[in-house]
Amino acid sequence: MDLLVHGGAGSAPDDPHARQTVLDAAAAVGVDCERPVAAVTAAVRRLEADPQFNAGVGSAVQSDGVIRTDAGLMTSDGSAGAAGAMAGVKHAIDVARVVKRETPHVLVVGEPAVSLADSADIETACDLWTERTRERWRAADPPDDDSPDAHLSWAREHFGDGHDTVGAVATDGRRLAAATSTGGRWFALAGRVGDVPQVGAGFYATPGAAVSTTGDGEAILRFGLARRVADAVADGESPQHAADRVLRGFATETGGGAGVIVIGADGQTGTAYNTDAMQTAKLAREDT
Ligand code: ASP
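Not measured: the values here are computed from a predicted model.

Draft legend 1. Fine view of the environment of Arg-227. Checked against the element boundaries, Arg-227 lands in helix 8 (residues 225-234). Taking the C-alpha atoms as reference, Arg-227 lies 8.8 Å from Gly-202; in sequence the two are 25 residues apart. In this structure, Arg-227 is in contact with Gly-200 and Tyr-204, ignoring residues within four places of it in sequence.

Draft legend 2. Representation of the site of the ligand. As a matter of local geometry, the ligand sits amid 13 residues, with His-163, Thr-165, Asp-195, Thr-214 and Gly-215 nearest to it. A distance of 2.8 Å is found between an oxygen atom of the ligand and a side-chain nitrogen or oxygen belonging to Arg-192. Asp-195 places a side-chain nitrogen or oxygen 2.8 Å from a nitrogen atom of the ligand. Contact with the protein chains hides 100% of the accessible area of the ligand, taken as 270 Å² for the molecule alone. One can see that the ligand is located within the largest cavity.

Draft legend 3. Expanded view of the sheet that holds strand 8 (residues 209-215). Taken in spatial order, the four strands line up as 7-8-9-10 in an open sheet, and their pairing is antiparallel. At either margin of the open sheet sits one strand with a lone partner, and together these are strand 7 (203-205) and strand 10 (269-273). Looking at each pair of strands side by side, their axes are set apart by 10 degrees on average, direction ignored. Relative to strand 8, helix 8 is tilted by about 145 degrees, and along the sheet it contacts strand 7, strand 8 and strand 9 (258-264). In the packing of helix 9 (residues 239-254) onto the sheet, the strands contacted are strand 9 and strand 10, and the crossing angle to strand 10 comes to about 20 degrees.

Draft legend 4. Spotlight on the environment of Lys-282. Inspection of the secondary structure assignment puts Lys-282 in strand 11 (residues 277-284). Since its relative accessible area comes to 52%, Lys-282 is described here as exposed. Spatially, the C-alpha atom of Lys-282 lies 26 Å from that of Leu-221, the residues being 61 residues apart in sequence. Apart from residues lying up to four places away in sequence, Lys-282 is in contact with Leu-3, Leu-4 and Thr-269.

Draft legend 5. Representation of the layout of surface pockets in the model. Space inside the largest pocket adds up to approximately 380 Å³. For the largest pocket, the lining is made up of 21 residues, of which Pro-13, Asp-14, Arg-19, Arg-132 and Asp-164 are closest to its centre. Among the secondary structure elements, those contributing two or more residues to the lining of the largest pocket are strand 1 (2-10), helix 5 (131-139) and strand 11. When grouped by side-chain class, the residues that make up the lining of the largest pocket number seven nonpolar, eight polar and six charged. There is about 200 Å³ of room inside the second largest pocket. Taken together, Arg-35, Pro-36, Val-37, Thr-75, Ser-76, Asp-77, Arg-97, Lys-100, Arg-101, Arg-175, Leu-176 and Ala-177 make up the lining of the second largest pocket. For the lining of the second largest pocket, the secondary structure elements donating two or more residues are helix 2 (36-48), helix 3 (92-102) and strand 6 (176-182).

Scoring rules and cut-offs
- Residues numbered from 1 in each chain as written.
- Predicted model: local features only at pLDDT ≥ 70, side-chain atom pairs only at ≥ 80, totals over all residues.
- Heavy atoms only, no water.
- Helix = DSSP H or I, 4+ residues; strand = E, 2+ residues; numbered from the N terminus.
- Contact = heavy atoms within 4.5 Å.
- Near = heavy atom within 4 Å.
- Polar contact = N/O pair within 3.5 Å; in protein donor to acceptor, adjacent residues only side chain to side chain.
- Areas by Shrake-Rupley, 256 points an atom, 1.4 Å probe, with all protein chains shown as cover.
- 1 Å grid on protein atoms, 1.4 Å probe; cavity = no way out; pocket = protein on both sides within 12 Å on 5 of 7 lines; lining within 4 Å.
- Sits in = over half its atoms within 2 Å of the grid points.
- Pairing = 2+ DSSP bridges.
- Axes fitted to C-alpha atoms, helices over the stretch in contact; angles between N-to-C directions.
- Buried < 20%, exposed > 50% of the residue type's maximum accessible area, 1.4 Å probe, protein only.
- Points joined across faces, edges and corners; volume = space filled by probe spheres on them.
- Nonpolar A, V, L, I, M, F, W, Y, C, P; charged D, E, K, R; others polar.

Below is the structure:
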């Protein structure tokens, strides 16, 4: 198994070493799995459990003071599952996997997605707040008026950059998988869903490449970043060349900040970002 994970594109983190340790641990958990889909799920689950990342515990808060999580995953056979706008769900990636495996759909959102998690024995009603989240929320002077207008004007003023989302891509030489999980952008309007649970934007997989993205979700979504990188590999570019070239095009066309990781069927990888930082960890089974 070859596996590459990321901890989000954004500004340089305060404590990169502590975050790198967790990314390395996530890669180590994933690389021992039998199948790529299990590998990316296991790696992302490890990152969702760590408050240093904007996924699961430690996720961003929306304008109504609710933390909602999103995730998506896809395998090279073309099968995909995603779930979004879920309150109190730590392991959004597990719900995405249930959508992929158990439903005829690709994306399920909101309270029904939380109910689906419940019925699949995935933990819900989790406390995803950390002390850091509470401080940040208080400092943003949240809206005290519950009207849609108050939320919208507050979200417009405070809506933050993409940051610290997590993702993983893996291949065993025959099959590929990609997974991405997030709490979304900080202080977005309640109910906002970004790129992460949307096929071709936050994640994508073909027989030739698996891709996970991070960054300004609205720009990634409009551009279709993950799919464009996978298509470039299918057209014969190396994963690194595809990541670099497509990300340059993304920056020029959208003006947004983003990062991308990609793995080809032969285990070659590519990593590119136009933000200050994006931490990654890479392992092959031989390394473990
Ligand atoms: N792309 C994510 C979103 O917009 C944020 C991130 O990557 O950190 O929801």
